[in-house]
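Read off the chains here:
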Amino acid sequence: QVQLVESGGGLVQAGGSLRLSCAASGRTLSRYTMGWFREAPGKERDLVACISWSGSKYYTDSMKGRFTISRDNAKNTVFLQMNSLKPEDTAVYFCAASTVFLARRNNSYDIWGQGTQVTVSS
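The notes below deal with the structure included here. Because the structure is predicted, anything quoted here is derived from the model rather than measured.

**Brief notes about the nonpolar core**
Thought 1: Grouped together as the largest cluster of nonpolar side chains are 30 residues, with contacts concentrated most on Leu-4, Met-34, Trp-36, Leu-80, Met-82 and Tyr-93.
Thought 2: Within the residue set of this core, elements represented by two or more residues are strand 3 (18-25), strand 4 (33-39), strand 5 (45-51), strand 7 (67-72), strand 8 (77-82), strand 9 (91-98) and strand 11 (116-121).
Thought 3: Apart from residues no more than four positions distant in its own chain, Leu-4 is found in contact with Cys-22, Ala-23, Ala-24, Leu-29, Met-34, Cys-95, Ala-96, Ala-97, Ile-111, Trp-112, Gly-113 and Gln-114.
Thought 4: Formed by 8 residues, the second largest nonpolar core is a distinct cluster that contains Cys-50, Phe-94, Ala-96 and Tyr-109.

**Some remarks on the side chain of Ser-98**
Thought 1: Locating Ser-98 in the fold gives a position in strand 9.
Thought 2: In this structure the side chain of Ser-98 is engaged in a polar contact, spanning 2.7 Å, whose partner is the backbone oxygen of Ser-108.
Thought 3: Excluding anything up to four places from it in sequence, Ser-98 contacts Tyr-32, Thr-33, Ala-103, Ser-108 and Tyr-109.

**So, the pairing of strand 4**
Here is the key point about a regular strand: its side chains alternate between the two faces of the sheet.
Thought 1: By the criterion of burial, strand 4 is predominantly enclosed, with 6 of the 7 residues buried.
Thought 2: Pairing of strand 4 with strand 5 involves 6 bridges; the strand directions are antiparallel. Note that in strand 5 the partner of Phe-37 across the bridge is Leu-47.
Thought 3: Adjacent in sequence and paired antiparallel, strand 4 and strand 5 are bridged by 5 residues, among which Gly-42 carries a positive phi angle near 75°.

**As for the environment of Ala-24**
Thought 1: Of note, Ala-24 is situated in strand 3.
Thought 2: Judged by relative accessible area, Ala-24 falls into the buried class, the value being 14%.
Thought 3: As for Ala-24 and Val-2, which are separated by 22 residues in sequence, their C-alpha atoms are 6.4 Å apart.
Thought 4: Those residues within four positions of Ala-24 in sequence are excluded, and the remaining contacts are Val-2, Gln-3, Leu-4, Leu-29 and Asn-76.

**A few points about the sheet that holds strand 1 (residues 3-7)**
Thought 1: The 4 strands are arranged 1-3-8-7 in an open sheet whose pairing can be described as antiparallel. Since the sheet does not close on itself, it has two edges, and those belong to strand 1 and strand 7, each with one partner. Sheet twist, expressed as the average angle between the axes of neighbouring strands with direction ignored, equals 15°.
Thought 2: Bridging between strand 3 and strand 8 involves 6 bridges; their strand directions are antiparallel. When the bridges of strand 8 are listed, Arg-19 appears paired with Gln-81.

**Regarding the pattern of salt bridges**
Thought 1: For the structure on display, the rule yields 4 salt bridges.
Thought 2: We note a salt bridge from Lys-64 to Asp-61, for which the minimum N-O separation is 3.2 Å. Take Lys-64 and Asp-61: they sit in the same class, and that class is exposed.
Thought 3: Among the ionic pairs, Asp-89 bridges to Arg-66, the shortest N-O distance being 2.7 Å. Here Asp-89, found in the loop between strand 8 and strand 9, pairs with Arg-66, found in the loop between strand 6 (57-59) and strand 7; they are 23 residues apart in sequence, far enough to count as distant.
Thought 4: Taken together, the salt bridges that share partners define one network made up of Arg-38, Arg-66 and Asp-89.

Thresholds applied
Residues numbered from 1 in each chain as written. Predicted model: local features only at pLDDT ≥ 70, side-chain atom pairs only at ≥ 80, totals over all residues. Heavy atoms only, no water. Core = buried A, V, L, I, M, F, W, Y, C linked by side-chain atoms within 4.5 Å. Buried < 20%, exposed > 50% of the residue type's maximum accessible area, 1.4 Å probe, protein only. Helix = DSSP H or I, 4+ residues; strand = E, 2+ residues; numbered from the N terminus. Contact = heavy atoms within 4.5 Å. Polar contact = N/O pair within 3.5 Å; in protein donor to acceptor, adjacent residues only side chain to side chain. Pairing = 2+ DSSP bridges. Axes fitted to C-alpha atoms, helices over the stretch in contact; angles between N-to-C directions. Salt bridge = Lys/Arg side-chain N within 4 Å of Asp/Glu carboxyl O.

Limitation: the analysis is restricted to geometry and does not speak to function.
Have a look at this one:
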């Protein structure tokens, strides 16, 4: 069974950057699409971006240009570089794994991490 552990969250001022990491254990991630989601208080969990095992990427429109998803299959790790952060980016960020190519729906993801808090102050 694959286990996912996110790290890299924290408190940052508006305009700052953070790099989130998602490390997998138990099985290689190399055949999974990996997604980053976020869940703000009182809101649904939404897709931020996803990346296929071959490196194809999808970004939610509002994230394009500020966020970059990447992966290192050799290290079994997925990253989310977040730049020009805004207070509205404040949320718990989750990584997840799916066997569906560039899956965009939450219910296509079978394995989830526990999340990491990102707080952006104004």
